[in-house]
Amino acid sequence: MDKKWIKRWRKWVAPTKVPGVWLLKEGGFLVRARVTDPTTGRQKEIKKVLMGADEATAFKWLHDQKERVRVGLVVAEQQKTPFGDFAVSLLEQKIKLGQIKSAKGRERWKYTLEHLIGGTKGEKAGKSVSGFGEFLIDKIQTAHVEAWKLSVADLIGAGDYAPTTCNGWLSILRVIIKAARRKFSLPHLATEDVSNFDTSEHETYTEEEPNSLVPKDVPRFLAAMMDLYPQHYAMTFLGFATGLRPSSLRPLRHKGPLPDILWQENKLLVRRSHSLGNEVMNTTK
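Note that the structure is a prediction, hence the values are computed from the model and not measured.

Undergrad: Now, about the overall build of the protein: what can you tell me, with residues and values included?
TA: Of regular secondary structure, the protein possesses 9 helices and 11 strands. Against the globule reference of 19 Å for 285 residues, the protein gives a C-alpha radius of gyration of 31 Å, more extended than a compact globule. Expressed as lengths along the three principal axes of its C-alpha atoms, the size of the protein is roughly 110 × 55 × 25 Å. Taken over 285 residues, the protein has a buried fraction of 32%. Taking the intrachain contacts of the protein between residues at least 6 apart in sequence as the baseline, contacts between residues at least 24 apart amount to 49%. Summing over all exposed atoms, the protein offers an accessible surface of approximately 19,000 Å²; the carbon and sulfur share of this is 52%. Of the charged side chains in the protein, 46 are positive and 32 negative, and the gap between their average positions amounts to 13 Å.

This is the structure:
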């Protein structure tokens, strides 16, 4: 029986028994359907010429594409997004939205991304740990994170890095992976149940070399400060009296149109932060 050819979509086609699948006069099939995209609520057209395919293959391709649209997946975007690109764009987004305000915060993120993306070299351990830079963001699994953590542990054991430093990397990795899960609707969280590096045997300060002065040593320390570094005496004394961080002490203004020291009222206004370089934030940490 002769086919009844009709011209549609600028091609000569004939209907088949399968909805959405059309036989092409020159061979192969044309598939077409319209389906509602749940992410926009609008109709989306699916259309493709499949040369060399049979009717069953053409139907399966069309069915798979319709399902992808119906569930609102962003598979195409996931498949071409490396971890490195996503992490850098996330940092830019956080800076733009004001979620990372201080220069010190930006420096910490940039330093950490160098290790998470490009990898880490251990001089004492004599080995390097690869980063996640080229991993596709949706392909990173918990096993990958655990393998990275195990390799970094060798660098910690050799004395290249402190466990507290590496825990900082791990905390930012968790933020990145969580943001990727949210953006791409990933079915898993690669950092889930990944614990921090153990710090129980890492001594930052010891009894012999503490990080504080006993009360009787404070007057002696301040007297030496006055003799050796008089330009820093006032800030040091105020730090002892208030317990403020250096980043809160440095931007204090004792005069000018907007002083922070109100002499007549005996008040000190702590309202700025200076963490790095010449940048001063008009807010505290």
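Undergrad: Run through the pattern of salt bridges, naming residues and quoting values.
TA: Following the criterion strictly, the structure yields 11 salt bridges and no others. The partner of Asp138 in a salt bridge is Lys139, and the shortest N-O contact between them spans 3.9 Å. Taking relative accessible area as the criterion, Asp138 reaches 10% and is therefore assigned buried. A residue is classified by how much of its surface remains accessible, and Lys139, at 47% relative accessible area, is partly exposed. Measuring nitrogen to oxygen at the nearest pair gives 3.9 Å for the salt bridge that ties Lys267 to Glu265. When salt bridges that share partners are traced, they join Lys216, Asp217 and Arg220 into one network.

Undergrad: Describe helix H3 (residues 83-96), with residues and values.
TA: Here H3 spans 20 Å end to end across 14 residues, near enough to the 20 Å set by a 1.5 Å rise per residue. Buried within H3 we find Phe83, Gly84, Phe86, Ala87, Leu90, Leu91 and Lys94. Viewed along the axis of H3, the buried residues span an arc of 165°, placing them on a single side of the element. Exposed positions of H3 whose direction lies more than 90 degrees from the buried face are Asp85, Glu92 and Lys96. For H3, the elements touching its buried residues are helix H4 (103-118) and helix H6 (163-184). Gly98 sits one or two positions beyond H3 and adopts a positive phi of about 80°.

Undergrad: An account of the pairing of strand S10 (residues 273-276) is requested, with residue identities and associated values reported.
TA: As paired elements, S10 and strand S11 (residues 279-281) share 2 bridges and run antiparallel to each other. Directly across from Ser273, in S11, lies its bridge partner Met281. Where S10 hands over to S11, the hairpin turn is made up of 2 residues, of which Gly277 adopts a positive phi near 65°.

Rules used throughout
- Residues numbered from 1 in each chain as written.
- Predicted model: local features only at pLDDT ≥ 70, side-chain atom pairs only at ≥ 80, totals over all residues.
- Heavy atoms only, no water.
- Helix = DSSP H or I, 4+ residues; strand = E, 2+ residues; numbered from the N terminus.
- Rg over C-alpha atoms; globule rule 2.2 N^0.38 Å.
- Buried < 20%, exposed > 50% of the residue type's maximum accessible area, 1.4 Å probe, protein only.
- Contact = heavy atoms within 4.5 Å.
- Areas by Shrake-Rupley, 256 points an atom, 1.4 Å probe, with all protein chains shown as cover.
- Lys, Arg positive; Asp, Glu negative; His and termini not counted.
- Charge placed at Lys NZ, Arg CZ, Asp CG, Glu CD.
- Salt bridge = Lys/Arg side-chain N within 4 Å of Asp/Glu carboxyl O.
- Expected span 1.5 Å × (residues − 1).
- Arc of directions from axis to C-beta.
- Pairing = 2+ DSSP bridges.

Geometric descriptors of this kind do not, in isolation, establish any biological role.
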